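A look at the structure
For reference, the chains in residue letters:
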Amino acid sequence: MASFTQQASMLLLLLLLPLLFKGILCPWPSPEAGQVLGPHHLAGEEPLSFQVLQISLFANSSWENNQGSGWLGEVQTHRWDSVSGTISYLLPWSRGNFTKEELESIQALLQLYFRLFPEEVQAHSRQFQLEYPFVIQISSGCTMHPGKASEAFLYGAYQGSDFLSFQGYSWKPSPGAGSLAQNVCKVLNRYRVIKEVARNLLSYTCPRFLAGIAAAGKSELERQVKPEAWVSKGASPGPGRLLLVCHVSGFHPKPVWVRWMRGEQVQPGTQQGDILPNADRTGIFE
Ligand SMILES: *[C@@H]1O[C@H](CO)[C@@H](O)[C@H](O)[C@H]1NC(C)=O
Ligand SMILES: *[C@@H]1O[C@H](CO)[C@@H](O)[C@H](O)[C@H]1NC(C)=O
């Protein structure tokens with residue numbers, strides 16, 4: 001039943017495993033897993049996550065595009081350069097405290113992954129009756145809760161809807177994702193090596209990396225920048241009426257409280273927009 005590509009990918013993963021286990025993975029179960037984070041959380045008692053996002057677009061059976069990025073909380077720290085097959089480190093502290101060898105092992109694993117993933121999807125598109133064009137999105141990573149064990153997650157979406165997740169040691173179809181997700185999970189659950197690698201990356205490598213990068217990026221994450229505010233005139237909502245817009249920009253962190261005052265009184269009935277990120281990772285709010 002296993003196709004040639006499945007066998008080839010298994011072989012490659014098996015060849016790669018000794019390298020991985022030496023460099024970045026440790027044999028499960030690890031006594032430290034989930035406990036590395038205790039004293040390293042940030043001063044704010046907020047949970048903090050590191051996640052890798054993948055967006056893969058399949059236009060037809062011979063064309064696909066894969067994008068990968070790494071995020072610490074809401075700050076983008078990494079981008080996958082699919083042309084050179086390398087990790088781009090977007091900030092001076094994006095390497096956390098991993099060694100050059102550890103980062104090279106992860107890069108080698110990602111090179112293999114970004115080659116095999118589209119191959120496997122294309123090879124199975126007919127079996128699973130996937131209709132082109134389609135998009136697969138994957139969010140995977142770990143969250144540290146102050147004073148608690150870290151938590152790993154991996155969610156997959158197909159055509160923009162929840163599709164499956166990796167829980168503990170198995171692939172689970174998302175509620176409402178139907179028989180396609182059930183069939184895909186059934187197939188995925190046969191591959192112990194993939195589950196082993198996924199579990200170790202999420203539950204061992206990720207929390208270690210998160211602790212290091214959170215410490216390295218601490219000053220940036222904790223930096224406080226005061227907002228700048230200015231008022232402008234918006235398009236008139238009707239005759240004899242004036243629309244005033246208060247802009248608040250350049251602040252960090254994100255939580256912000258903005259009110260219109262008349263004397264000492266808060267003016268009710270004002271409209272608030274969303275907070276949008278600025279390019280320098282401060283916020284903008286209108
Ligand atoms: C596949 O999609 C790409 C991108 O849209 C397009 O350029 C190419 O011609 C398509 N190939 C086939 C065989 O349909
Ligand atoms: C990396 O940083 C984390 C958190 O500060 C720490 O627990 C860990 O020991 C460090 N690892 C190395 C190899 O320095």
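As a reminder, the structure under discussion sits directly above these lines.
Now for a quick tour of the structure. (Residues numbered from 1 in each chain as written. Chains lettered and ligands numbered in written order. Predicted model: local features only at pLDDT ≥ 70, side-chain atom pairs only at ≥ 80, totals over all residues. Heavy atoms only, no water.)

1. Observations regarding the overall build of the chain
Going by this rule: Put simply, DSSP marks the helices as runs of H or I at least four residues long and the strands as runs of E at least two long, and each gets a number from the N terminus on. Here the term buried applies to any residue with accessible area under 20% of the maximum for its type, exposed to any over 50%, and partly exposed to those in between, with areas from a 1.4 Å probe on protein chains only. Working rule for contacts: check all heavy atoms of both residues, and any pair within 4.5 Å makes them a contact. Surface accessibility in these figures is a Shrake-Rupley result with a 1.4 Å probe; residues are shielded only by whichever protein chains are displayed.
For the chain, the count of helices and strands is five helices and 14 strands. The burial tally for the chain puts 40% of its 286 residues in the buried class. A separation threshold of at least 6 residues defines the contact pool for the chain, and within that pool the share at least 24 residues apart is 57%. For the chain, the accessible surface area stands at approximately 16800 Å², while carbon and sulfur atoms represent 56% of it.

2. Remarks on the nonpolar core
The test is simple: By nonpolar core is meant a set of buried Ala, Val, Leu, Ile, Met, Phe, Trp, Tyr and Cys residues that side-chain atoms within 4.5 Å join together.
Membership of the largest hydrophobic core comes to 22 residues, with the highest contact counts inside it found for V121, F134, I136 and F163. Those elements giving two or more residues to this core turn out to be α2 (100-124), β5 (134-144), β6 (151-158), β7 (161-167), α3 (178-188) and α4 (192-216). A total of four residues in this core trace back to one element, the largest contributor, which is α3. Not counting chain neighbours up to four residues away, the residues in contact with F163 comprise G156, A157, Y158, K172, P173, S174, A177, L180, A181 and V184. Core analysis: the second largest hydrophobic core is formed by 21 residues, L48, F50, W93 and L210 among them.

3. Some points on the packing of aromatic side chains
Inclusion rule: We call Phe, Tyr and Trp rings a pair once their centres come within 6.5 Å, taking the six-membered ring for Trp, and we label the pair stacked below 30 degrees between planes, edge-to-face above 60, and tilted otherwise. Definition used: whenever NZ (Lys) or CZ (Arg) falls within 6 Å of the ring centre and also within 35 degrees of the ring normal, the charge is taken to sit over that ring.
Enumeration according to the criterion identifies 11 aromatic pairs in this entry. A ring pair is formed by Y132 and F134, whose centres lie 5.2 Å apart and whose planes are at 35 degrees; its orientation type is tilted. Look at Y132 and you get partly exposed, because its relative accessible area is 28%. Consider the rings of Y158 and F163, whose centres lie 5.6 Å apart with planes at 50 degrees: the pair is tilted. With relative accessibility at 16%, the residue Y158 sits in the buried group. Every member of this aromatic cluster is reached through a ring pair, and the members are F58, Y132, F134, Y158 and F163. One Lys or Arg, R95, reaches over the ring of Y89 and ends 3.9 Å from the middle of that ring. It is K195 that lies over the ring of Y169; its NZ or CZ is 4.8 Å from the centre.

4. Quick word on a nonpolar patch on the surface
Let me state the cut-off plainly: Patches in this entry comprise residues that are over 30% relatively accessible and not in a salt bridge; like charges within 9 Å are linked, as are nonpolar side chains (Val, Leu, Ile, Met, Phe, Trp, Tyr) within 5 Å. Salt bridges are defined as contacts in which a side-chain nitrogen from Lys or Arg sits within 4 Å of a carboxyl oxygen from Asp or Glu.
On the surface, a nonpolar cluster with roughly 290 Å² of combined accessible area is contributed by V231, L242 and L244. In this fold, V231 is placed in strand β9 (residues 228-233). Taking the relative accessible area as the measure of exposure, V231 reaches 48% and is therefore partly exposed.

5. Concerning α3
Which entries qualify depends on this criterion: Directions drawn from the helix axis to the C-beta atoms are what define this arc.
Taken together, the buried positions of α3 are A181, V184, C185 and V187. Summarising the axial view, the buried residues of α3 lie within an arc of 160 degrees, below the 170-degree limit, and thus occupy one face. For α3, exposure combined with an orientation more than 90 degrees from the buried face picks out S179 and K186.

6. Looking at the site of ligand 1
Quick reminder of the rule: The criterion for a residue being near a molecule or strand is simple. One of its heavy atoms has to lie within 4 Å of it. Here a polar contact means two N or O atoms within 3.5 Å. Within protein one must be a hydrogen donor candidate and the other an acceptor candidate, and residues neighboring in sequence count only if both atoms are side-chain atoms. By the convention adopted, Pro, Cys, Tyr, Trp, Phe, Met, Ile, Leu, Val and Ala count as nonpolar, Lys, Arg, Asp and Glu as charged, and the other residues, Gly among them, as polar.
By nearness alone, every residue bordering ligand 1 is listed as A59, N60, S62 and W63. Note that an oxygen atom of ligand 1 is positioned 2.3 Å from one of the side-chain N or O atoms of N60. About the coverage of ligand 1: the protein hides 33% of its 360 Å² of free accessible area. Tallied by class, the residues present in the shell around ligand 1 amount to two nonpolar, two polar and no charged.

7. A look at the sheet that holds strand β2 (residues 63-72)
To be explicit about the condition: Any two strands with at least two DSSP-identified bridges between them are counted as paired. Axis angles are defined between N-to-C directions and span 0 to 180 degrees, where every axis is a line fitted to C-alpha atoms and, for a helix, only to the segment in contact.
Spatially, the eight strands line up as an open sheet ordered β4-β3-β2-β1-β5-β6-β7-β8, and their pairing is antiparallel. What marks the edges here is a single partner per strand, and that holds for β4 (86-89) and β8 (170-173). With direction set aside, neighbouring strand axes in the sheet form an average angle of 20 degrees. The pairing of strand β1 (residues 48-60) with β5 spans 11 bridges and is classified as antiparallel. Counted as the bridge partner of I55 is Q137 from β5.

8. Focus on unusual backbone geometry
Across the junction of Y132 and P133, the peptide omega takes the value -10 degrees, indicating a cis bond. Mapped onto the fold, P133 is located in the loop between α2 and β5. Although it is not a glycine, Q129 adopts a positive phi angle of roughly 50 degrees. You can see Q129 is positioned in the loop between α2 and β5. You can call Q129 exposed: its relative accessible area is 67%.

9. Brief notes about the environment of A235
Within the secondary structure layout, A235 lies in the loop between β9 and β10 (244-251). The exposed category is assigned to A235, whose relative accessible area is 66%.

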